[in-house]
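# Observations on the three-dimensional arrangement
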Amino acid sequence: MAKVKLVSLKKIYEKNVVGVEDINLEIKDKEFCVFVGPSGCGKSTTLRLIAGLETPTEGEIYIGDRKVNHIPPKDRNIAMVFQDYALYPHMTVYENMAFALKLRKYPREEIKKRVLGATKILEIEELLSRRPRALSGGQRQRVAVGRAIVRNPLVSLFDEPLSNLDAKLRVEMRTELKKLHKRLSATTIYVTHDQIEAMTMGDKIVILNKGRIQQIGDAETLYDHPVNYFVAGFIGSPPMNFIEGAVENGVFRAKDGDIKIPIENVKGKVIVGVRSEDIVVDSKGNIKAGVELVEALGNEALLHLSVGDISLIMRMYESPPHSGNVININFKREKLHIFNTETGERL
Ligand SMILES: Nc1ncnc2c1ncn2[C@@H]1O[C@H](COP(=O)(O)OP(=O)(O)O)[C@@H](O)[C@H]1O
Ligand SMILES: [Mg+2]
């Protein structure tokens, strides 16, 4: 296994389209690292650069201690699983999994040992003689993963491998891939646009936007201490509430409704961010909110509130008020996030 290091990595496509810019990142040996960000942010580009399927415009790529910029993909000892993990339709599961090893002229016995080992881990032993069209989506996905692990790669790369599965299966496969990683301890880079998938799977999560890394951290750090407006809005469900306004003489006043909050050491236009669970009912609270809609989810309720033209979502674990009511609320002061309106940076 091996660590992966990216230094000032940059990929500019034809017509000056930015793939990624200034990517600096170190992924430790055996780590499970997730790249997450909206479509077009550069996730696949970064993976393809690591795999050697794209040539960087600038920067360096290391796998282990070896610089691999000039090493062809087949010699990088990397396995990649794609979203459309096309299995060979005319081959059986066994043949699909053995194919890459055959190409590399592994002895027949070794191939058999590795394929059977992988099918055992993935619990697909009974499928060995089937062809892909006789498999369910989840089973095909498992074969695609098997094809990657039989090679004992230094690094496994996954590019949105679960997006074609239905929601329930996705959650199941997510757990399985994590368990698999625990067993094999292979350095893994996993790409997804789904922040919940990223949060639940990644030991290290890299948030990308517009070709640049926004923040690197574990789930808790990203949730509690987002470095900017983008990360704050991207991570968390329901998303963080944002209130635009300005601070003057130590008081924040919202632009679109009657919200005043004392805020020290900040001046000018800001956006105040507050998570749904950091809004509380408080009979002494000076914010009056109309309850527009109540989503009761059993263990919790999401209240859609309006304060003037400001919409807020509040999370409640007690029995919620009915829609149509007006309630007094407050924000947990120490939990507020304050961002510069112009730059989006956290203050
Ligand atoms: N082969 C290519 N040629 C030109 N532009 C590309 C190519 N591949 C990706 N891009 C562009 O690079 C940017 C990043 O794309 P990509 O890495 O595929 O994003 P993601 O995987 O995060 O959705 C996008 O603007 C995309 O249109
Ligand atoms: Mg992609």
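If you're wondering where the values come from, they're calculated on a predicted model, not measured in any experiment. (Residues numbered from 1 in each chain as written. Chains lettered and ligands numbered in written order. Predicted model: local features only at pLDDT ≥ 70, side-chain atom pairs only at ≥ 80, totals over all residues. Heavy atoms only, no water.)

## Thoughts on the site of ligand 1
For ligand 1, the full set of nearby residues is Tyr13, Val17, Val18, Gly19, Pro38, Ser39, Gly40, Cys41, Gly42, Lys43, Ser44 and Thr45. Note that a nitrogen atom of ligand 1 is positioned 3.4 Å from one of the side-chain N or O atoms of tyrosine 13. Lysine 43 is positioned with one of its backbone polar atoms (N or O) 2.9 Å from an oxygen atom of ligand 1. Computed on the free molecule, ligand 1 has an accessible area of 560 Å², of which 61% lies beneath the protein chains in the complex. Those elements that provide at least two residues to the shell around ligand 1 are β2 (18-27) and α1 (43-51). Among the elements that take part in the shell around ligand 1, α1 stands out by supplying three residues, more than any other. (Near = heavy atom within 4 Å. Polar contact = N/O pair within 3.5 Å; in protein donor to acceptor, adjacent residues only side chain to side chain. Areas by Shrake-Rupley, 256 points an atom, 1.4 Å probe, with all protein chains shown as cover. Helix = DSSP H or I, 4+ residues; strand = E, 2+ residues; numbered from the N terminus.)

## Quick notes on the domain arrangement of the protein
Domain annotation of the protein identifies domain 1 (4-234) and domain 2 (241-340). Computed over C-alpha atoms, the centres of domain 1 and domain 2 are 39 Å apart. Each partner contributes residues to the interface: domain 1 has eight residues there, and domain 2 has six residues. At the boundary of domain 1 with domain 2, total buried surface from both sides reaches about 670 Å², with 62% on carbon and sulfur atoms. Of all residues in domain 1, Tyr223, Tyr229 and Ala232 give up the largest surface area on contact with domain 2, accounting jointly for 73% of the area buried on that side. The tally of links from domain 1 across to domain 2 stands at zero salt bridges. Between domain 1 and domain 2 we count two residue pairs in polar contact (both at pLDDT 80 or more) in total. If you list the elements that add at least two residues to the side of domain 1 that touches domain 2, you get α7 (219-224) and α8 (229-234). (Domains from an automatic or database assignment. Contact = heavy atoms within 4.5 Å. Buried area = accessible area lost by both parts, 1.4 Å probe. Salt bridge = Lys/Arg side-chain N within 4 Å of Asp/Glu carboxyl O.)

## Comments concerning the environment of leucine 87
Here leucine 87 lies in the loop between β6 (78-81) and α2 (93-103). Distance in space between the C-alpha atoms of leucine 87 and methionine 316 is 47 Å, their sequence separation being 229 residues. Setting aside its immediate chain neighbours within four residues, leucine 87 contacts Asn96, Pro132, Arg140, Val143, Ala144 and Arg147.

## Digging into the pattern of salt bridges
Enumeration over the complete set of coordinates arrives at 18 salt bridges. The closest approach of N and O atoms between glutamate 21 and arginine 212, which form a salt bridge, is 3.5 Å. In this pair, glutamate 21 sits in strand β2 while arginine 212 sits in strand β10 (residues 212-217), placing the two residues 191 residues apart along the sequence. Between lysine 204 and glutamate 31 there is a salt bridge, and its shortest N-O distance comes to 3.2 Å. With lysine 204 in strand β9 (residues 204-209) and glutamate 31 in the loop between β2 and β3 (32-36), this pair connects stretches of sequence that are 173 residues apart. Across this residue pair, the class does not change: lysine 204 and glutamate 31 are buried. A network of salt bridges, in which partner residues are shared, links Lys11, Arg48 and Glu54. (Buried < 20%, exposed > 50% of the residue type's maximum accessible area, 1.4 Å probe, protein only.)

## Structural notes on the environment of leucine 49
By secondary structure assignment, the location of leucine 49 is in helix α1. Residue classification places leucine 49 among the buried residues on the basis of a relative accessible area of 0%. Considering only alpha carbons, one finds leucine 49 and lysine 120, 71 residues apart in sequence, at a separation of 32 Å. Beyond its immediate sequence surroundings of up to four residues, leucine 49 is in contact with Leu9, Lys11, Val20, Glu54, Thr55, Pro56, Ile61 and Arg76.

## Points about helix α3 (residues 108-121)
Between its terminal C-alpha atoms α3 stretches 20 Å, which fits the 20 Å expected from 14 residues at 1.5 Å a residue. What α3 keeps buried is the set Ile111, Arg114, Val115, Ala118 and Thr119. Looking down the long axis of α3, one finds its buried residues gathered within 130° of arc, a one-sided arrangement. In α3, the exposed positions that point more than 90 degrees away from the buried face belong to Glu109, Lys113 and Lys120. On its buried side, α3 packs onto α2 and α4 (137-149). Directly after α3, the chain includes glutamate 123, whose backbone phi takes a positive value near 55°. (Expected span 1.5 Å × (residues − 1). Arc of directions from axis to C-beta.)

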